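Notes for the structure review
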Amino acid sequence: MAGMYSTHMHLPRMVDMKEKVAEFWQEEAALSGPRKHTLQPIVTGTSVLGIMCTDGVVIAADTLGSYGSLARFRDISRLMKVNDSTIIGGFGDYADFQFIMKLLEQQTIDDDVVGDGVYRDAPSIHNWLRCVLYNRRSKMNPLWNTIVVAGRDYSGKPYLGYVDKIGVSFTDKSVATGFGSYIAQPMMRKAMEENPNMNVEEGKRLMARCLKVLFYRDCRSLNRFQIGVVTGADSSISEPISAETDWSIGANPSGYE
Amino acid sequence: MSSIGSGYDLSAGQFSPDGRVFQVEYAIKAVENSGSVIALRGKDGVVFGVEKIITSKLYEEGSNRRVHSIDGHIGAAVAGLLSDARAVVNRARDEAANYRDTYQVPIPLKALTERLGKYMHYFTVYGSLRPFGVSILLGTWDETNGPKLMEIDPSGTARGFYGCAVGKGKQNAKTEIEKLDLSNMTCKELVKEVAKVIYSVHDEVKDKHFELELSWIGKETRGTHQLVPQDIYNEAKTYAEEALNDSDDDDTDM
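These figures come from a predicted structure and were not determined experimentally.

Glancing now at the sheet that holds strand β10 (residues 226-227) of chain B. All names here are of chain B. Here 5 strands make up an open sheet; going across it, the order is β8-β1-β2-β9-β10 and the pairing antiparallel. At either margin of the open sheet sits one strand with a lone partner, and together these are β8 (163-166) and β10. With 4 bridges joining them, strand β1 (residues 37-41) and β8 adopt antiparallel strand pairing. Its bridge partner being in β8, Ile 38 is matched across the sheet by Ala 165. Where helix α4 (residues 170-178) meets the sheet, it contacts β1 and β8, and its direction lies at approximately 165 degrees from that of β8.

For the rest of this paragraph, the subject is helix α4 (residues 179-194) of chain A. Residue and element names in this part refer to chain A. For α4, spanning 16 residues, the distance from its first C-alpha to its last is 23 Å, which sits close to the expected 22 Å at 1.5 Å a residue. Its maximal kink placed at Gln 185, α4 deviates by approximately 40 degrees, while the proline Pro 186 follows within four residues. For α4, the full list of buried residues reads Gly 180, Ile 183, Ala 184, Gln 185, Met 188, Ala 191 and Met 192. Among the structural elements, β2 (48-53), β11 (174-176) and α5 (200-217) are those in contact with the buried residues of α4.

For the structure shown, the criterion picks out 12 aromatic pairs over all chains. Put simply, the rings of B:Tyr119, B:Tyr122, B:Phe123, B:Tyr126 and B:Phe132 pair up and form one aromatic cluster. Note that A:Arg72 overlies the ring of A:Tyr67, its terminal NZ or CZ placed 4.9 Å from the centroid. Over the ring of B:Tyr239 we find B:Lys192; its NZ or CZ atom is 5.6 Å from the centre of that ring.

Across the boundary between the two partners, chain A contributes 7 residues, which contact 10 residues of chain B. For the pair chain A and chain B, the two sides together bury roughly 700 Å², of which 48% comes from carbon and sulfur. Inspection of the chain A/chain B interface yields 2 salt bridges. Close ionic contact of A:Glu105 with B:Arg100 constitutes a salt bridge, the shortest N to O distance being 3.3 Å. Our enumeration of links across chain A and chain B arrives at 2 residue pairs in polar contact (both at pLDDT 80 or more).

This brings us to the pattern of salt bridges. Note that side chains of opposite charge can pair when their charged atoms are close. Under the counting rule described, the total for this entry stands at 22 salt bridges over all chains. Between A:Glu194 and A:Lys190 there is a salt bridge; the shortest N-O distance is 3.7 Å. Placement of both A:Glu194 and A:Lys190 in helix α4 is noted, with a separation of 4 residues, approximately one turn of the helix. Accessibility expressed as a relative area gives 54% for A:Lys190, which makes it exposed. Where B:Lys170 meets B:Glu32, a salt bridge forms, and the shortest distance between an N and an O atom there is 3.3 Å. Taken together, the residues span a long stretch of sequence, with B:Lys170 in helix α4 and B:Glu32 in helix α1 (residues 22-32) at a distance of 138 residues.

All names here are of chain A. For strand β8 (residues 145-152), the buried fraction is high: 8 of the 8 residues fall into the buried class. Going residue by residue along β8, you find Asn 145, Ile 147, Val 149 and Gly 151 tucked away on one face and Thr 146, Val 148, Ala 150 and Arg 152 tucked away on the opposite face as well. Taken together, the 7 bridges between strand β7 (residues 86-93) and β8 define a ladder with antiparallel strand orientation. Bridge assignment links Ile 87 to a residue of β8, and that residue is Ala 150. As judged from the 6 bridges shared by β8 and strand β9 (residues 158-163), these two strands associate in the antiparallel manner. Bridge pairing links Ile 147 to Val 163 in β9. Here β8 folds back onto β9 in antiparallel fashion, the turn holding 5 residues, of which Gly 156 has a positive phi close to 95 degrees.

In protein structure, a disulfide is the covalent linkage between the sulfur atoms of two cysteines. Within this structure, the stated rule accounts for 0 disulfides over all chains. Residue A:Cys210 stays outside any disulfide, its sulfur separated by 12 Å from that of A:Cys53, the closest cysteine. The buried category is assigned to A:Cys210, whose relative accessible area is 0%. As a non-bridged cysteine, B:Cys164 has B:Cys187 as the owner of its nearest cysteine sulfur, 16 Å distant. Note on B:Cys164: relative accessible area 2%, which makes it buried.

Residues and elements named next belong to chain B. Counting 27 residues, the largest nonpolar core has Ile 38, Val 191, Leu 212 and Leu 214 as its most contacted members. Secondary-structure elements contributing two or more residues to this core are β1, α4, α5 (187-201), β9 (209-218) and α6 (230-246). Residue contributions to this core peak at 9 residues, all from α5. Excluding its chain neighbours within four sequence positions, the residues that come into contact with Ile 38 are Val 47, Phe 48, Gly 49, Leu 137, Cys 164, Ala 165, Ala 173, Ile 177, Val 194, Val 197 and Ile 198. Formed by 24 residues, the second largest nonpolar core is a distinct cluster that contains Ala 76, Tyr 99, Leu 116 and Met 150.

Turning our eyes to something else, we now look at the environment of B:Ser135. All names here are of chain B. One can find Ser 135 in strand β5 (residues 134-142). In this structure the C-alpha to C-alpha distance between Ser 135 and Thr 157, which are 22 residues apart in sequence, comes to 9.9 Å. Aside from chain neighbours lying at most four places away, what touches Ser 135 is Val 31, Ala 77, Val 78, Ala 79, Glu 151, Ile 152, Asp 153, Pro 154 and Val 166.

Here we take up the environment of A:Ala243. By secondary structure assignment, the location of A:Ala243 is in the segment after β13 (235-237). Distance in space between the C-alpha atoms of A:Ala243 and A:Phe225 is 8.6 Å, their sequence separation being 18 residues.

Thresholds, definitions, all that
- Residues numbered from 1 in each chain as written.
- Chains lettered and ligands numbered in written order.
- Predicted model: local features only at pLDDT ≥ 70, side-chain atom pairs only at ≥ 80, totals over all residues.
- Heavy atoms only, no water.
- Pairing = 2+ DSSP bridges.
- Helix = DSSP H or I, 4+ residues; strand = E, 2+ residues; numbered from the N terminus.
- Contact = heavy atoms within 4.5 Å.
- Axes fitted to C-alpha atoms, helices over the stretch in contact; angles between N-to-C directions.
- Expected span 1.5 Å × (residues − 1).
- Bend = angle between axes of the 7 residues up to and from the residue.
- Buried < 20%, exposed > 50% of the residue type's maximum accessible area, 1.4 Å probe, protein only.
- Phe/Tyr/Trp six-rings, centres within 6.5 Å; stacked < 30°, edge-to-face > 60°.
- Lys NZ or Arg CZ within 6 Å of the ring centre and 35° of its normal.
- Buried area = accessible area lost by both parts, 1.4 Å probe.
- Salt bridge = Lys/Arg side-chain N within 4 Å of Asp/Glu carboxyl O.
- Polar contact = N/O pair within 3.5 Å; in protein donor to acceptor, adjacent residues only side chain to side chain.
- Disulfide = S-S within 2.5 Å.
- Core = buried A, V, L, I, M, F, W, Y, C linked by side-chain atoms within 4.5 Å.

In structure tokens:
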């Protein structure tokens, strides 16, 4: 093994890498001084849902920042309008999401001041996020988020992307994070199968339905959410709304007598 | 101002016996050779106008911008060496981004002017560097504080103005501007006046063609710095050309 790396090259020796990794874990275990690598999210956001419609893209998320099992911050926005062509939604650590929002805000300003009316489109922003997130995971210091990128590309076509803390990135007609991927994704897929040409109005109603079910089933959710829409012309995020719920069936569940 | 430095003008790191830093004065001369730039601060905003002198028929209209946006809410018009201007504007943008990152609010004009003045001054104290040959006019408007206009010259000095002119025709421009009752005029009125002043100080003989660049920031634009919209621009241009005709000059054609 040593023979392979006997010349002085930029490649690190296998032994050095093993030592580095061991050092890292020892350092974390010793807990001496401030942590330099993210190991756990603190204030978190739950599911973000996204669906592509014929005339735009719909994205939704509730307005809760959980502190473990405590529903601590109940009026935070997990959707951000980046520019007229893109809205992003953040799942996971809220502080890391705020950091990402700050970087994106500056990017939009940089686009603004060029003064030619051209802004980064959704695929560009999605790709940029992938670069950042993958890079951080490779340094063993991830931004503990899954981001949904909803928008349109330069030609006006709807775009919906997903990128997470380990740098996995893809696009799809419907995306969901966290609990949403287990509960809402099947609902969204079924709805799209039955109605392949959904428009944004139908999409918004579907989102509200999915978020209601998530509120019933996800312990870290809140019945107060925002729905964002990106159409061919612009993007906007709604004021927080709530779904009508019926907990009567929950009064006497079988097995909990 | 045509005095010879005679040995004390070779670096910005030296004073002359009569207490002048010649390199800075020469930088100011470079600004005076550039096309006129004026800015007027009115009741509800700031308007910038630039006389962009065109040296060739091949020049593309609208390129080579002389007014820039800093952080969206501040407008900057530049006169002097345009490549130096580019460097100063980029620095201003970095300062604004840095302020926003630290304090999570857009940079106030005073803070930006201080930082930029400091930066430009830095280049006037070392022998290994030369000063920027640029004067930069910075303007902003917001709901709470109203309009503000500042000028920074190559020495790094910042001054606040109601009406300011730099470049070739600055003396004539200043005379024209002093006649205006600026604090009672709106941006819409000022756009026309800015165009008029630029047209009137433009020297037909020396510089045949020029392109007028107009931008504004104020209540009309809700605090964002933008180029003046095409229809208002055309109106202002016509007003300026007519005013010029009244004083018996040839029509300046683009």
